[in-house]
Amino acid sequence: MVKSTSISQPLIRLPEARLSEGISYNPDSDELVWVDIRKGIIYKCKFPYDEINSKSQVDVNTIEYLKVDRSVGVIGLSTDADTILCGCKDGLGKADFKNGTFEYLQKFPEELHSKQYTGVELRSNDGSIDSKGNFWIGTMIDFSETGEPEKGVLYKFDFDTLKPEVILTNRGIPNGLSWYNNKMYWTDSFQRTIYEYDWDSESCTPNLESEKVFIDFRKLNSEILSIGEPDGSCIDKDGNLYIALWNTNRVVKTDKKGEILEEFIFPAKRISCVSIGGKYLDTLLVTSADLNLDDETKLASVEGDFGGSIFAVDLSKSISGLPKNKWSGKI
């Protein structure tokens, strides 16, 4: 039987939030860092230990933010807590909180990203940094587009040369990238499927011919979970995967075989991303989106729905996450 845990209150409530995503914990500064994709903003604040088990919320006046671009899909930590790497509308960028600046380090290849060649507007979505410090970024069609969904590309930006290597093409919605014990887990939310690949940790490349389905959510024997789209995800030291399910109010935990062990239920109907953080790497960190994210005049207007908020679940040292890899390139 699947264990179920319900959470009643958000840890961070930003009434104007649209699409919160990409949450990470930085142990160097003891901070939470996340993005609002639609607003193109990166946020960060101190990790609030004393508030995880209470109903109080983080004081929004203590949250720092930096507008970086038209949209920002994913962030990566560096050796400097004030320097955040980010996958933005048109490529890999760098956000400098100390100076309040943003700059692109490398753009996506025009032939795979420019509307002139692809026929659609594209943007960054999810990604991650591998063990060698390379930044992986997936692209998908932009919010303004309605057709041609499978134009997405998964890139690996080399930390030394900044050159973007093309890993996968013609994909729907790249999401949820993790590595564990010579395996790579990658999600296509459009297909509602998580894939598993053999992984070479030395070269940091997957064997694409080894691709197999890890979980196809369309085939689950659950009315709620089968309509969900696997979104952001993370993995713990035991190889269990934690998956945010878009269009549901849930995060699910699976074992290494893809069997669902546990679910976490939140007062928000669009859960977008999950990570593990805190001093002991035993706090589940979860982001969400507003139900009216396409209409700024209706944000936070659905009674009882805390979409856009950040949630935290203290698992009391019952799990241990894996620390986020950091960018190895120049900052």
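Everything discussed here concerns the structure shown above.
Owing to the predicted nature of the structure, the values given are computational and were not obtained by experimental measurement.

Criteria and cut-off values
Residues numbered from 1 in each chain as written. Predicted model: local features only at pLDDT ≥ 70, side-chain atom pairs only at ≥ 80, totals over all residues. Heavy atoms only, no water. Helix = DSSP H or I, 4+ residues; strand = E, 2+ residues; numbered from the N terminus. Buried < 20%, exposed > 50% of the residue type's maximum accessible area, 1.4 Å probe, protein only. Lys, Arg positive; Asp, Glu negative; His and termini not counted. Salt bridge = Lys/Arg side-chain N within 4 Å of Asp/Glu carboxyl O. Contact = heavy atoms within 4.5 Å. Disulfide = S-S within 2.5 Å. Pairing = 2+ DSSP bridges.

A.B. asks: Can you help me understand unusual backbone geometry in this one?
C.D. replies: Glycine aside, residues mostly have negative phi angles, and peptide bonds mostly take the trans form. Phi angles above zero are rare outside glycine, and Asn-181 is one such case at about 45°. On the secondary structure map, Asn-181 appears in the loop between strand E14 (174–180) and strand E15 (183–188). Accessibility expressed as a relative area gives 59% for Asn-181, which makes it exposed. Non-glycine residue Asn-247 carries a positive phi angle of around 70°. For Asn-247, the location among the structural elements is in the loop between strand E19 (241–246) and strand E20 (250–254).

A.B. asks: Is there a simple way to explain the side chain of Asp-290 in this structure?
C.D. replies: Considering the arrangement of structural elements, one finds Asp-290 in the loop between strand E23 (283–288) and strand E24 (310–314). Within the buried set, Asp-290 has no salt-bridge partner at all; the shortest N-O distance to an opposite charge, 5.5 Å, is to Arg-13. Discounting residues that sit within four places of it in the chain, Asp-290 has contacts with Ala-17, Arg-18, Arg-270, Lys-298, Leu-299, Ala-300, Gly-307 and Gly-308.

A.B. asks: What exactly am I supposed to notice about the state of the cysteines here?
C.D. replies: Here, the word disulfide means a covalent bond between the sulfur atoms of two cysteines. For the structure on display, the rule yields zero disulfides. Cys-88 forms no disulfide, and the closest cysteine sulfur to it belongs to Cys-86, at a distance of 3.7 Å. Judged by relative accessible area, Cys-88 falls into the buried class, the value being 0%. No disulfide involves Cys-234; its sulfur sits 7.8 Å from that of Cys-273, the nearest cysteine.

A.B. asks: How should I be thinking about the pairing of strand E3 (residues 31–36) in this particular structure?
C.D. replies: For E3, the tally of buried residues reaches six of six residues, placing the bulk of the element in the interior. Alternating positions in E3 separate into two faces, Glu-31, Val-33 and Val-35 on one and Leu-32, Trp-34 and Asp-36 on the other, with burial throughout. One ladder, built from five bridges, connects strand E2 (residues 20–26) with E3; its direction is antiparallel. From the neighbouring strand, Glu-21 faces E3, where its bridge partner is Val-35. Counting the residues between successive antiparallel strands, the hairpin from E3 to strand E4 (residues 41–46) contains four residues, one of them, Gly-40, with a positive phi of roughly 65°.

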